[in-house]
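Here is what each chain is made of, one letter per residue.
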Amino acid sequence: MFSLFRKRYSVLASEILKGKTDVHAHILSGVDDGARDTQQSLELLQFLEQMGYRTLWLTPHVMEDVRNTTESLRKCFESLVSVYQGVCQLHLAAEYMLDAGFENKLDADPLLLGKEHLLVETSYFSPPVNLDGMLKSVWEKGYRPLIAHPERYEYMGEEDYKNLKRKGYEFQLNIMSLSGYYGRRPKAVAEQLMEWGMYDYVGTDIHHLDVYQDMFEKLSLGKEQLMTLEHLLTRNESI
Ligand SMILES: [Fe+2]
């Protein structure tokens, strides 16, 4: 009964995003299901600036169906940087799908998030054939796997999350999971993982403005969630 009346705080008005870093965004155009052209890239950049971000890691998909290479992405990135006149610092990384072609990509100069992290994801519906083995191979190459939006993987349950954390893997929350943008289940799982203190970093995973912009501007959280989010944003700075 009480929770119905618990005070909510606007993330935007709280200014916790001010000067902060986004570690996951699909802003680079024409390379995945994110921005379609440079104009859309610039609109996304402008929106994140307005939200308060000042450092952005651009993380296009790399997977069997999206055949981006480190070299091709670097070229696209340079061309965006050459037309961008905003205030954010831009960096290039990538979001690697743990699929059959993944291990070959580890040998091909992968795009790291920061000094040592490799942002990885799996299918939302079913686990990859050798999840453990692939994550281990990331370590063996000297990188640190960061698992993107674990709250969105429908096949994962409490034990899976606990096992991954026990093995030392880090989790990146999608901020908008907390709004219900991806549905009720990811929202409930995100809230639970947050309560268990399992998240290490937070990203927008922004692809398009449309509904996302409106929902992000209106995102409000309870006090504890807001404090946890602020902590994760502070951790983002160390990436
Ligand atoms: Fe993503």
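Conventions adopted
- Residues numbered from 1 in each chain as written.
- Predicted model: local features only at pLDDT ≥ 70, side-chain atom pairs only at ≥ 80, totals over all residues.
- Heavy atoms only, no water.
- Phe/Tyr/Trp six-rings, centres within 6.5 Å; stacked < 30°, edge-to-face > 60°.
- Lys NZ or Arg CZ within 6 Å of the ring centre and 35° of its normal.
- Donors = N, O, S within 2.8 Å, 3.2 Å for Na, K, Ca; no water.
- Tetrahedral: all angles 85-135°; square planar, octahedral: opposite > 155°, others 65-115°.
- Buried < 20%, exposed > 50% of the residue type's maximum accessible area, 1.4 Å probe, protein only.
- Salt bridge = Lys/Arg side-chain N within 4 Å of Asp/Glu carboxyl O.
- Helix = DSSP H or I, 4+ residues; strand = E, 2+ residues; numbered from the N terminus.
- Pairing = 2+ DSSP bridges.
- Contact = heavy atoms within 4.5 Å.

## Quick word on the packing of aromatic side chains
- A complete count under the given rule lists ten aromatic pairs for this structure.
- Ring centres 6.4 Å apart and planes at 90° place the aromatic pair Tyr124 and Phe125 in the edge-to-face group.
- Members of the aromatic cluster, connected to one another through ring pairs, are Phe47, Tyr181, Tyr182, Tyr212 and Phe216.
- For the cation-ring pair, Arg152 lies above Tyr124, with the distance from its terminal atom to the ring centre recorded as 4.2 Å.
- Here the guanidinium or amino end of Lys162 rests over the ring plane of Trp196, the centre of that ring lying 4.9 Å away.

## Some remarks on the coordination of the iron ion
- In this structure, His24 (NE2), His26 (NE2), Glu95 (OE) and Asp205 (OD) serve as the protein donors to the iron ion, at separations of 2.1 to 2.3 Å.
- Taken together, the four donor atoms coordinating the iron ion and their angles of 80 to 167° define a geometry best described as irregular.
- Look at Asp205 and you get buried, because its relative accessible area is 3%.

## Some thoughts on the pattern of salt bridges
- The full count for this structure, using the stated rule, is twelve salt bridges.
- Where Glu158 meets Lys162, a salt bridge forms, and the shortest distance between an N and an O atom there is 2.5 Å. Here Lys162 and Glu158 lie together in helix 6 (residues 158-166), a separation of four residues that amounts to about one turn.
- On the basis of relative accessibility, which here comes to 28%, the residue Lys162 falls in the partly exposed class.

## Details of the sheet that holds strand 5 (residues 89-92)
- The strand order across the open sheet formed by three strands is 2-3-5, and the pairing between neighbours is parallel. Both outer strands of the open sheet, strand 2 (21-22) and strand 5, are each paired with one neighbouring strand and no more.
- As judged from the two bridges shared by strand 2 and strand 3 (residues 55-58), these two strands associate in the parallel manner. By the bridge assignment for strand 3, Asp22 is matched with Leu56.

## Details of the environment of Lys105
- Tracing the backbone through its elements, the reader meets Lys105 in helix 4 (residues 102-106).
- Classification of Lys105 as partly exposed rests on a relative accessible area of 21%.
- C-alpha of Lys105 to C-alpha of Arg67: the two residues are 38 residues apart in sequence and 11 Å apart in space.
- Each residue touching Lys105, except ones within four places of it in the same chain, is listed here: Val62, Met63, Glu64, Tyr96, Asp99 and Pro110.

## Brief notes about the sheet that holds strand 9 (residues 170-174)
- Taken in spatial order, the six strands make up an open sheet running 4-6-7-8-9-10, and their pairing is parallel. Only two strands of the sheet have a single partner each, and these edge strands are strand 4 (61-62) and strand 10 (201-203).
- Bridging between strand 4 and strand 6 (residues 95-97) involves two bridges; their strand directions are parallel. The residue of strand 6 that forms the bridge with His61 is Glu95.

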